[in-house]
Amino acid sequence: MAAPMCDVFAFCMEAAGQARRALELRHISSAKGKGLFATRKIRKGETIFVEKPVVSVQFLWNALYKYKACDHCLRALETAEENAQRLLGRSQPLPHPEQCGIHKDLHQLCPRCQVPYCSPECRQAAWDQYHQVLCLGRSREDPNHPLNRLQDAWRNIHYPPETSSIMLMARMVATVKQAKDKDWWIKLFSQFCSKTANEEEEIVHKLLGDKFKGQLEVLRVLFTEALYEECLSRWFSPEGFRSLFALVGTNGQGMGTSSLSQWVHACDALELPPQEREHLDAFIDQLYKDIEKETGEFLNCEGSGLFMLQSCCNHSCIPNAEASFPDNNFTLHLTALEDIQPGEEICISYLDCCQRERSRHSRHKVLRENYLFTCSCPKCLSQADDPDVTSEEEEEEGEGDPDDAELEDEMTDV
């Protein structure tokens, strides 16, 4: 969701000055808030900006299922061959192993709690920002430690496919607790939209309604026991906790990393004789088919992060930009999907590819429940006269209300 005015370029990398020259934040309307606009022509395929997150974390179930990632930057820690072997459940040698970019000689563990990092730099960065507060030391395996109880409670409420994590909120708190300038961090986090409801349109975030009040209170009590900080007392109150929950739910950007995917991209760039190229491409195609048969869609180390500049991008069902993570870590690249003219708003999609192909009514349902607005992008306006039916109803008319089937598992769709 678009953030209020602030130094939104603070976490941009290398070309931060270039991003400042190409982009500006503008007020659009009281209903829509602000948006990010191009100040020069941006060509299709161009990287609009590169940004590190304010804070990020690997999903809890993803880590429990042995998707090995750096605890700070989410870089995959397995080699491409190890990654393929785990996903296939059997040994699978890969050609061109030199194309795997994993450097195990750089990997380090926290000497106190043994969480893994991809490098000394990541270990130090985590320690300096939040890990002093969150390090469990010898209590890592203690089920009664408040942080372990909090994580267990979250896993029991929020099943895969994961889209958020209570530990993203925990790292926000830990960052403030460790900071010398606590007010700076509190003001920074306040820039993210944290509305729990859109009162004008009478929309309430679907996980903050009466149905989940008991589950949220359980999490709030455990969160308070594990992390309470006086200067953040509002975050621990019932209403403040709801706002914090809404903040990570509406602003959290999903992240995915994979050493196997990095190896595939590196192999794609190799200059090979035609026959060898054909053989390698066939091998990779079959490898992915075998992995899909064995593991399904869960291929990546997955997590969520808060990105200051990316959070300024509003939604469109026909976006002109998209976020990706080509560096095999938490660094976000926003890339133009088409030519963008000066003065044109830069929009991403809050929906995945499958959701964008659903009916207007289905898209609006997801956006209203998760992001508290009704979309009025060109695609939605062009479909304004379409029937108000969900895509599931279009495919399975007369087979019951799809909403009822989701009641039990809705907590999994933060």
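Our structure is the block above this text.
Below you will find a few notes about this structure.

Criteria and thresholds
- Residues numbered from 1 in each chain as written.
- Predicted model: local features only at pLDDT ≥ 70, side-chain atom pairs only at ≥ 80, totals over all residues.
- Heavy atoms only, no water.
- Helix = DSSP H or I, 4+ residues; strand = E, 2+ residues; numbered from the N terminus.
- Expected span 1.5 Å × (residues − 1).
- Buried < 20%, exposed > 50% of the residue type's maximum accessible area, 1.4 Å probe, protein only.
- Contact = heavy atoms within 4.5 Å.
- Pairing = 2+ DSSP bridges.
- Axes fitted to C-alpha atoms, helices over the stretch in contact; angles between N-to-C directions.

## Focus on helix H10 (residues 238-251)
Part 1: A rise of 1.5 Å per residue sets the reference length of H10, with its 14 residues, at 20 Å; its end C-alpha atoms lie 20 Å apart and thus fit the reference within 8%.
Part 2: Buried residues dominate H10, accounting for eleven of its 14 residues.
Part 3: The set of residues buried in H10 consists of Gly240, Phe241, Ser243, Leu244, Phe245, Ala246, Leu247, Val248, Gly249, Thr250 and Asn251.

## A word on helix H5 (residues 146-157)
Part 1: Given a rise of 1.5 Å per residue, twelve residues ought to cover 16 Å, and the 17 Å separating the end C-alpha atoms of H5 matches this to within 8%.
Part 2: Within H5, the full set of buried residues consists of Leu147, Asn148, Leu150, Gln151, Ala153, Trp154, Arg155 and Ile157.
Part 3: The inward-facing, buried residues of H5 abut helix H2 (60-64), helix H4 (120-134), helix H6 (166-178), helix H8 (213-227) and H10.

## Considerations on the sheet that holds strand S9 (residues 253-257)
Within a sheet, each strand pairs with its neighbour through backbone hydrogen bonds, oriented either parallel or antiparallel.
Part 1: Spatial ordering of the open sheet is given by S4-S10-S9, a layout of three strands whose pairing is antiparallel. Edge strands, defined here as strands with exactly one partner in the open sheet, are strand S4 (55-58) and S9. On average, each strand axis in the sheet is tilted by 30 degrees relative to the strand beside it, whichever way the strands run.
Part 2: Relative to strand S10 (residues 301-306), S9 is paired through five bridges, and the arrangement is antiparallel. Paired with Gly254 across the two strands is Ser304, which belongs to S10.
Part 3: Sheet strands in contact with H6 are S4 and S10, and its direction is about 140 degrees off that of S4.

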